[in-house]
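# Descriptive structure summary
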Amino acid sequence: VGGSGKDSSDYELSVRWVQTTAWSPVLRFHDKGQGTGGCASTAGCARIVPWDMPTPFFEAVRAAARERDQLLPYIYTACFFATHTGLALVRPMYYEDPADD
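What counts and how
Residues numbered from 1 in each chain as written. Predicted model: local features only at pLDDT ≥ 70, side-chain atom pairs only at ≥ 80, totals over all residues. Heavy atoms only, no water. Axes fitted to C-alpha atoms, helices over the stretch in contact; angles between N-to-C directions. Helix = DSSP H or I, 4+ residues; strand = E, 2+ residues; numbered from the N terminus. Parallel < 35°, antiparallel > 145°, perpendicular 65-115°, else oblique. Contact = heavy atoms within 4.5 Å. Nonpolar A, V, L, I, M, F, W, Y, C, P; charged D, E, K, R; others polar. Buried < 20%, exposed > 50% of the residue type's maximum accessible area, 1.4 Å probe, protein only. Arc of directions from axis to C-beta.

This part is about the packing of helix α1 (residues 11-21) against helix α3 (residues 55-85). The contact between α1 and α3 brings their axes to 9 Å, and the two run at 5 degrees. Relative to α3, α1 is oriented roughly parallel. Contacts between α1 and α3 involve Y11, E12, V15, V18, Q19 and T21 from the first element and F57, A60, V61, A64 and R68 from the second. Looking at the contact of α1 with α3, its residues break down into seven nonpolar, two polar and two charged.

Rendered as structure tokens:
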């Protein structure tokens, strides 16, 4: 998660992405500044890692990460259920109770 290119210094946007994806099955940071290929030699690639953000933004990201840590047992159980039932991990609420209008 995080901005890219010209959005890489938009810390508010990066924090909002982290807060949103903390509730998602997948949360990962894209560090495009230390990679290989074009980003290894291009200054235009974004390097978005929480510990490089100013303190108020870092603290917001840390809070979202801690909340996500509390959700991990639920996420793991949901993944296990999805693998054994074949149902998608993220699915509409309609699937839980189709009779509920």
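This brings us to α1. All buried positions along α1 are accounted for by S14, V15, V18 and T21. The arc that holds the buried residues of α1, viewed along the axis, is 140 degrees, so those residues lie on one side. Packed against the buried residues of α1 are α3.

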